Amino acid sequence: MDIGVISVRYARALLKSATDAGLEDQLYQEMMTVAKSYAEVPVLRQTIDNPMLSKEKKQMLLETAAGDSPSQLCRTFISLVLKEDRENVMQFMAHSYITLYRKQKNVIRGKLITAARVSPQTEQKMRQMVESQTNGTVEFETEVNPDIIGGFILEYDTFRMDASVKSKLNNILNTLKK
């Protein structure tokens, strides 16, 4: 069976259970933590995939990967995944849950790249602008990149607004070359 199909089925069932229990936001944070744990600790995947490691130790590892004190629903879900021998797909389940949650809650990921750190007020104004354009909630990530010299680059969904000094200088240079 396809890993994508399996992970989406488990994630859909988890989202339904979490929504019914009113814990979908908490599970979202826990699945974000699981996904982040897999990304930051590559040996976690190898350890979880190890058939010599007991289910109890895998349960402990995955609960630790979910955060300080995972919810009972998260623990039950991990135990179900282990019981069904699907632990090798856990990382994909976490990503599928995140995707389904964002779709259900209309959460858009955005990124603001600036040459220097911006104030929280400026970041909030950018977030509000994106939210008014998309009619959704925005998860905003900021990045400082001195290479753009000045201005900003705003990305969300499939939209990209490049108001950086570097791109304007490149445009002038290209115009002069013609």
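What you are looking at is a predicted structure, and each value in this text was computed from that prediction instead of being measured.

Trainee: Which residues make up the packing of helix α1 (residues 3-21) against helix α5 (residues 72-83), and what are the values?
Mentor: It is at 11 Å that the axes of α1 and α5 come closest, and there the two elements cross at 155°. In terms of orientation, α1 lies roughly antiparallel with respect to α5. Where α1 crosses over α5, the two elements pack in a sense that is right-handed. Counting all contacts with α1, which are made through Y10, L14, S17 and A18, the residues of α5 involved are L73, F77, L80 and V81. Tallied by class, the residues present in the contact of α1 with α5 amount to seven nonpolar, one polar and no charged.

Trainee: Which residues make up the sheet that holds strand β3 (residues 151-156), and what values do they have?
Mentor: Strand order in the open sheet formed by four strands is β2-β1-β3-β4, with mixed pairing between adjacent strands. Here the strands that pair on one side only, and so sit at the sheet edges, are β2 (137-144) and β4 (159-164). Going from strand to strand, the sheet's axes swing by 15° on average, the running direction of each strand aside. Of the strands in this sheet, β1 (107-114), β2, β3 and β4 are in contact with helix α7 (residues 120-134), which crosses β2 at around 140°.

Trainee: Give a detailed account of helix α4 (residues 55-65), specifying residues and quantitative values.
Mentor: Among all positions of α4, only K58, Q59, L62, E63 and A65 are buried. For α4, the arc enclosing every buried residue in end-on projection is 155°, short of the 170-degree limit, so these residues lie on one face. Looking at α4, the residues exposed on the side facing more than 90 degrees away from the buried face are E56, M60 and T64. In this fold, the buried residues of α4 make contact with α2 (24-40), α3 (42-49), α5 and α6 (90-105). Of the residues flanking the end of α4, it is G67, one or two places downstream, whose phi is positive at about 125°.

Trainee: Residues and numbers for the packing of aromatic side chains, please.
Mentor: A full pass over the atoms with the stated rule returns four aromatic pairs. With centroids separated by 6.4 Å and ring planes inclined at 20°, the aromatic side chains of Y97 and Y101 adopt a geometry described as stacked. In this pair, Y97 and Y101 both sit in helix α6, four residues apart, roughly one turn of the helix. Here Y97 matches Y101 in class, with each residue buried. Ring geometry for Y156 versus F159: centroids 5.0 Å apart, planes at 40°, classification tilted. Among the residues examined, Y156 registers a relative accessible area of 10% and is labelled buried. Taken together through their ring pairs, the aromatic side chains of Y28, Y97 and Y101 make up a single cluster.

Trainee: So what about the pattern of salt bridges? Which residues, and what values?
Mentor: Any two side chains of opposite charge can pair, so long as their charged atoms come close to each other. By the definition in use, this model includes 13 salt bridges. Taking the shortest distance from any N to any O, the salt bridge between K58 and E87 comes out at 3.0 Å. In this pair, K58 sits in helix α4 while E87 sits in the loop between α5 and α6, placing the two residues 29 residues apart along the sequence. Among the salt bridges present, the one from R75 reaches E63, with a minimum N-O distance of 3.7 Å. Within this pair, whereas R75 is found in helix α5, its partner E63 is found in helix α4, the two being separated by 12 residues in sequence.

Cut-offs and rules
Residues numbered from 1 in each chain as written. Predicted model: local features only at pLDDT ≥ 70, side-chain atom pairs only at ≥ 80, totals over all residues. Heavy atoms only, no water. Axes fitted to C-alpha atoms, helices over the stretch in contact; angles between N-to-C directions. Helix = DSSP H or I, 4+ residues; strand = E, 2+ residues; numbered from the N terminus. Parallel < 35°, antiparallel > 145°, perpendicular 65-115°, else oblique. Left-handed = near helix turned anticlockwise from the far one by under 90°. Contact = heavy atoms within 4.5 Å. Nonpolar A, V, L, I, M, F, W, Y, C, P; charged D, E, K, R; others polar. Pairing = 2+ DSSP bridges. Buried < 20%, exposed > 50% of the residue type's maximum accessible area, 1.4 Å probe, protein only. Arc of directions from axis to C-beta. Phe/Tyr/Trp six-rings, centres within 6.5 Å; stacked < 30°, edge-to-face > 60°. Salt bridge = Lys/Arg side-chain N within 4 Å of Asp/Glu carboxyl O.

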